[in-house]
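# Secondary and tertiary structure notes
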Amino acid sequence: MSKVDRRVLKSREAIKNAVLELMSEKTFDEITIQDIADRANVNRSTIYLHYTDKFDLLDKLIEEHIEEMRNIAEWACELDWIEATRIFFEYFESHYLFFSTMLASKGAPSFRSRFLEYLIGSFRSELHKEGTKDQRIDEDVMLRFIGTAYVGVVEWWITTGMPYSPAVMAQQVGLLLERHF
């Protein structure tokens, strides 16, 4: 695998931060490539070197975080629910700008649905691994219920300024998840 030039990494990071900052100020539809370039202190052509358009940029930014959560889940699923949940809440906290922007922004509804679908898939894997499914509850209904609740709790926690530490959130959410799995 070839090593990526640090300047390229720095430009990409500046571009991603710029679009997030702008999304916290105005709707995604109002943001232009020139706005992003100005905020990132790069040329428009630099953005087009990495992304097709602003939608591609947003899509890749979302996919980057979903993929990172998948990577975390690969090893965190070996832990108990509380400890695994703590790791995720620490990730949400360390990427506050991304999650606060995506969950509060009306311009990025695709993030919420992709986050939910990711969670449903992860919980489905856990459900099949645990093998303790309540036969009275349809699997899809249960997974959608738990996934939607999880997204809602994360959204509430982020949009209220993280009133509890990741450890406290993990304790509370982990106990709720233990009841269903």
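Above this text you will find the structure in question.
This text gives an overview of the structure that appears in the document. All figures in this text were calculated on a predicted structure; none of them were measured in a lab. (Residues numbered from 1 in each chain as written. Predicted model: local features only at pLDDT ≥ 70, side-chain atom pairs only at ≥ 80, totals over all residues. Heavy atoms only, no water.)

## Remarks on helix α9 (residues 166-180)
- For α9, spanning 15 residues, the distance from its first C-alpha to its last is 21 Å, which sits close to the expected 21 Å at 1.5 Å a residue.
- For α9, the full list of buried residues reads P166, M169, A170, V173, G174 and L177. The arc enclosing the buried residues of α9, seen along the axis, measures out at 120°, which places them on a common side. (Helix = DSSP H or I, 4+ residues; strand = E, 2+ residues; numbered from the N terminus. Expected span 1.5 Å × (residues − 1). Buried < 20%, exposed > 50% of the residue type's maximum accessible area, 1.4 Å probe, protein only. Arc of directions from axis to C-beta.)

## Some points on the nonpolar core
- I36, F92, F115 and Y150 are the most contacted members of the largest nonpolar core, which totals 55 residues.
- Contributions of two or more residues to this core are made by α1 (6-23), α2 (33-40), α4 (54-76), α5 (81-94), α6 (96-104), α7 (109-130), α8 (139-159) and α9.
- In terms of residue count, the dominant contributor to this core is α4 (nine residues).
- The residues touching Y150, leaving out its near neighbours within four places in the chain, are T85, F88, F89, F92, F115, L119, F123, V173 and L177. (Core = buried A, V, L, I, M, F, W, Y, C linked by side-chain atoms within 4.5 Å. Contact = heavy atoms within 4.5 Å.)

## Points about the packing of aromatic side chains
- Scanning all chains against the criterion turns up 16 aromatic pairs.
- Measuring from centroid to centroid gives 5.8 Å for F99 and F111, while their planes differ by 70°, and the two rings are edge-to-face. Of this pair, F99 sits in helix α6 while F111 sits in helix α7; the two residues are 12 residues apart in sequence, bridging distant segments of the chain.
- The class of F99 is buried, set by a relative accessible area of 0%. (Phe/Tyr/Trp six-rings, centres within 6.5 Å; stacked < 30°, edge-to-face > 60°.)

## Description of the pattern of salt bridges
- Per the counting criterion, the structure on display carries 16 salt bridges.
- Between E63 and R70 there is a salt bridge whose closest N-O contact spans 3.1 Å.
- The class of E63 is partly exposed, set by a relative accessible area of 29%.
- Here R70 falls in the partly exposed class, since its relative accessible area comes to 35%.
- Shared partners join several salt bridges into a network, and the residues in it are D59, E63, E67, R70 and R114. (Salt bridge = Lys/Arg side-chain N within 4 Å of Asp/Glu carboxyl O.)

## Description of the side chain of H50
- Residue placement: H50 occurs in helix α3 (residues 44-50).
- Setting aside residues no more than four positions away along its own chain, H50 makes contact with V8, R12, I15, D56 and K60.

## What about the packing of α8 against α9?
- Interaxial distance between α8 and α9 falls to 12 Å at its minimum, and their mutual angle equals 170°. Looking at the two axes, α8 sits roughly antiparallel to α9. Between α8 and α9, the contacting residues are M142, I146, Y150, V153, W156 and W157 on the first element and P166, M169, V173, L177 and H180 on the second.
- Here the contact of α8 with α9 is composed, by residue class, of 10 nonpolar, one polar and no charged. (Axes fitted to C-alpha atoms, helices over the stretch in contact; angles between N-to-C directions. Parallel < 35°, antiparallel > 145°, perpendicular 65-115°, else oblique. Nonpolar A, V, L, I, M, F, W, Y, C, P; charged D, E, K, R; others polar.)

Don't take any of this as a statement about function, it's just geometry.
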